[in-house]
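Examining the three-dimensional arrangement
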Amino acid sequence: NISRLLAKRASKFVLSCRFNSTLTLIETTGPNVTPASLSTLTAAVKVGNPITALLLGPESEVAGKQIAAVEGVDKILISKSDKYAHLLPEEVSPLVASILKSSDYTNFFVPASTAGKGILPRVGALLDVQPLSEITKVVSPDTFVRPTYAGNAILTVKCKDKVKLASVRSSAFDPIERKSEKIADIKEISYVESGNKTQYVSEQLIKSERPELDSAKIVVSGGRGLKDKEHFDQLLYPLADKLHAALGASRAAVDADFCDNSLQVGQTGKVVAPNLYLAVGISGAIQHLAGMKDSKVIVAINKDEEAPIFKIADVGMVGDLFKIVPELTEKL
Ligand code: FAD
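Residues numbered from 1 in each chain as written. Predicted model: local features only at pLDDT ≥ 70, side-chain atom pairs only at ≥ 80, totals over all residues. Heavy atoms only, no water.

The next point concerns unusual backbone geometry. Look at Asp128: it is not a glycine, yet its phi comes out positive at around 55°. Mapped onto the fold, Asp128 is located in the loop between α5 (114–127) and β7 (132–135). Taking the relative accessible area as the measure of exposure, Asp128 reaches 70% and is therefore exposed. In this structure, Asp257 is a non-glycine residue whose phi angle is positive, near 65°. Looking at the secondary structure, you find Asp257 in the loop between α7 (251–255) and β15 (276–280). Accessibility expressed as a relative area gives 56% for Asp257, which makes it exposed. (Helix = DSSP H or I, 4+ residues; strand = E, 2+ residues; numbered from the N terminus. Buried < 20%, exposed > 50% of the residue type's maximum accessible area, 1.4 Å probe, protein only.)

In structure tokens form, the structure reads like this:
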């Protein structure tokens, strides 16, 4: 009787011990893995578990091969169903929830991209688990750092859920580069019925030769100080061209139609952390700083020496941007 009791306890213990492993959703553009997904893999490696990468859509197999030899990637799951072609959160979430319910993953990571931000809370609701958004550091497999109040406070959160769900802020992790000897196996999985009533219709993408704002090493950003769209275009584009930089903007510049809203940096825009951030005619409102204050070097050009941007700038140039920017561009 005692040995039966011990065996029962042991099997209960095994059932309650989840084998540490991380499921990571990898986004693709066509057959290519996005830089944000490579940063998400870096975060997943820091958890220290074997990683299963999940790739979805008709080109998932081609994209999967790109990461088959990446450090830490143990297994690759793909589903080539057309239903996953556009990563509709309503389609993807039931699939992810069903994988997490039927296996032993202890962590699930997604990039904190538009798709990721739609998928994560839905998976959380389906599993009745509290997701963590935009983690910036992995302390241990169950403890993460994330900003809150628009980056004004930094939380360290210990998560007690069986599966820890998190979106990863790509600017806080370098894209993974290290290769391993081992090539991960690719396994195809089937479509999971979602009952989804949302349909993909179309998308309009701004095509640009410039680096992506989220992943650019240099960003030139313009604010209301540029006065209008003509000056924004005439002054900032040549400067960005010289520096091979992405263009960004403050919300005031976007609201005044100086540029497209995909360029907005800040609390309600994109969060960037390039090596160099050049803020031109931007005052440095707290909501703007939330999107760029982690940049390695910040250069600000503003005529008001009291402008808050100078409090976080490494290099400040007090003066008229209409004189400084053309001169800087010419000298470059
Ligand atoms: P301003 O604050 O008007 O600053 C313009 C600057 O240009 C001034 O400092 C001025 O001295 C300088 N200037 C003018 N002329 C010249 C010249 N000739 N030469 C040099 N300098 C000159 N903002 C964001 O940017 N991103 C966000 O995501 C965002 N989210 C928000 C969310 C909420 C809920 C709210 C309430 C606000 C948000 N905002 C956001 C808006 C934010 O509060 C500011 O209004 C905005 O950032 C100001 O933009 P700006 O610095 O371009 O304009």
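Next up on the list: the pattern of salt bridges. Applying the stated criterion across every chain yields a total of 10 salt bridges. When the shortest N-O distance is used, the salt bridge between Lys117 and Glu134 registers 3.5 Å. One end of the pair, Lys117, is in helix α5; the other, Glu134, is in strand β7, and 17 residues separate them in sequence. Using a relative accessible area of 17% as the deciding quantity, one classes Glu134 as buried. A cluster of three or more residues bridged by salt bridges with shared partners is formed by Lys117, Glu134 and Arg169. (Salt bridge = Lys/Arg side-chain N within 4 Å of Asp/Glu carboxyl O.)

By convention here, two paired aromatic rings are described through the distance between centres and the angle between planes. Applying the stated rule across the entire model yields 3 aromatic pairs. Ring centres 5.4 Å apart and planes at 45° place the aromatic pair Tyr84 and Tyr191 in the tilted group. Taken together, the positions of Tyr84 in the loop between β5 (73–79) and α4 (89–101) and Tyr191 in the loop between β12 (185–188) and β13 (218–222) put the pair 107 residues apart, joining distant regions of the chain. For Tyr84, a relative accessible area of 0% translates into the label buried. By relative accessible area, Tyr191 is classed as partly exposed at 25%. Both rings, one in Phe109 and one in Phe144, keep their centres 6.1 Å apart while their planes meet at 75°; by these two values the pair is edge-to-face. A residue pair is termed long-range when its members are at least 10 positions apart, and Phe109 in strand β6 (residues 107–111) and Phe144 in strand β9 (residues 143–148) qualify at 35 residues. Taken individually, Phe109 and Phe144 each receive the classification buried, so the pair is uniform in this respect. (Phe/Tyr/Trp six-rings, centres within 6.5 Å; stacked < 30°, edge-to-face > 60°.)

It is worth spelling out the sheet that holds strand β16 (residues 297–302) at this point. What the 5 strands build is an open sheet, ordered β14-β13-β15-β16-β17; its pairing is parallel. Looking along the sheet, the strands with just one partner apiece sit at the ends: β14 (246–249) and β17 (315–318). When strand polarity is set aside, the average angle formed by the axes of neighbouring strands in this sheet is 15°. Inspection of the sheet shows β13 paired to β15 by 5 bridges, in the parallel sense. Opposite Gly222, over in β15, you have Val280 as the bridge partner. Here helix α6 (residues 229–243) sits on the sheet in contact with β13, β14 and β15, set at roughly 170° to β13. (Pairing = 2+ DSSP bridges. Axes fitted to C-alpha atoms, helices over the stretch in contact; angles between N-to-C directions. Contact = heavy atoms within 4.5 Å.)

With that settled, the discussion passes to the packing of α6 against helix α10 (residues 321–331). Taken N-terminus to C-terminus, the directions of α6 and α10 make an angle of 30°; their axes are 9 Å apart at the nearest point. On the basis of the axis angle, α6 is roughly parallel to α10. The chirality of how α6 crosses α10 is left-handed. The segment α6 lies against α10, with His231, Leu235, Pro238, Leu239 and Lys242 engaging Leu321, Phe322, Val325, Pro326, Leu328 and Thr329. In terms of residue class, the contact of α6 with α10 is made up of 8 nonpolar, 2 polar and 1 charged. (Parallel < 35°, antiparallel > 145°, perpendicular 65-115°, else oblique. Left-handed = near helix turned anticlockwise from the far one by under 90°. Nonpolar A, V, L, I, M, F, W, Y, C, P; charged D, E, K, R; others polar.)

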